[in-house]
Structure formats: structure tokens, C-alpha cells
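Structural characterization, general
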Amino acid sequence: DSNSMQIAAFHIFKIFVVIPQKSCRVRQILFRNKEKLLCLLDSFKSKAERGTGFARDLQVTLHELSRVEAPGRNPSASRPEHARLVQQAKQQGNVGHTSSKPPSC
């Protein structure tokens, strides 16, 4: 039925939203459609029973989608683990770029 198809599609879609290292194209699409997607996912709240895995997944997905920034801005660049990984790569001589930020879109 339609409801179960929507929920199945949500479970696939959430993967694109919650993965930390999104491709440039995925970030572009999410950012461009962010408001529409937030409204659509907000309508799923009525289908989500409190305390269920679906309700938790929906909440996390809404939160992460609301944080999606325009391509070219990389919020991970300010994360401490990113700085640590860059430093580690420099020490090992595995630096693919000279900037302390990852390449943007």
C-alpha cells in the first residue's frame, strides 16, 4: 500500500541525509529542496508512533536535513576530528591538497 511504500522510501532517503560525507551533487540536491523535504518529512510525524525506531529515525533525519548547508560551505572543516585527520595525513605524507580544509564542491 501507499503508506508502506512511503515509509520504505523514507528509509532509503534517510541514508543520503545522515551520512556525514555527502557528495557535492547530493548536497546540492538536498540544499535546493530542503524546505520542501522538511515539510514532507514533517507530515510523516503523524505516521510515527512515539518511541519507535521510525520516530527516532524521522527525528534524526529532520534534524540533519535542517543542518544541510549550501554546497561550497563545509561544516566538517571546523570539526576537531577533521583537523586531527589532516594533521595525521600530513605526518604520513598522504595529503591530497594543501589547504587545511577539505576541497569544497
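Scroll up a little and you will see the structure.
Predicted, not measured: the structure shown is a model, and the values here were computed from it.

Reading the values: the criteria
Counting from 1, residues in each chain are numbered in the order their sequence is written. Under the rules for a predicted model, residues below a pLDDT of 70 receive no local features and side-chain atom pairs below 80 are neither given nor counted, while totals for whole chains, interfaces and linings still include all residues. Neither water nor hydrogens contribute to the side-chain values; these are computed over all heavy atoms in the structure. Criterion for a salt bridge: a side-chain nitrogen of Lys or Arg within 4 Å of a carboxyl oxygen of Asp or Glu. Note on conventions: DSSP H or I runs of at least 4 residues are helices, E runs of at least 2 residues are strands, and numbering of each starts at the N terminus. For the exposure calls, accessible area comes from a 1.4 Å probe over protein chains only, and a residue counts as buried if that area is under 20% of its type's maximum, exposed if over 50%, partly exposed in between. Within this analysis, the arc is defined by the directions that extend from the helix axis to the C-beta atoms. To pair, rings of Phe, Tyr and Trp, with the six-membered ring standing in for Trp, must have centres within 6.5 Å; the planes then decide the type, stacked if under 30 degrees apart, edge-to-face if over 60, and tilted in the middle.

Description of the pattern of salt bridges
- Scanning the model with the defined rule gives three salt bridges in all.
- D57 serves as the salt-bridge partner of K14, at 2.5 Å between the closest nitrogen and oxygen. Taken together, the residues span a long stretch of sequence, with K14 in helix α1 (residues 2–18) and D57 in helix α4 (residues 53–66) at a distance of 43 residues.
- A relative accessible area of 17% means that K14 is categorised as buried.

A short note on helix α2 (residues 24–32)
- Every buried residue of α2 is accounted for by V26, R27 and L30. When α2 is viewed along its axis, its buried side chains cluster within an angular range of 100 degrees and face the same direction.

So, the packing of aromatic side chains
- Evaluated as defined, the whole model comprises three aromatic pairs.
- Pairing F10 with F44 gives two aromatic rings, centres 6.2 Å apart and planes at 65 degrees, and the pair type is edge-to-face. Highlighted residues: F10 in helix α1 and F44 in the loop between α3 (34–43) and α4, separated in sequence by 34 residues. Like F10, the residue F44 is buried in the burial classification.

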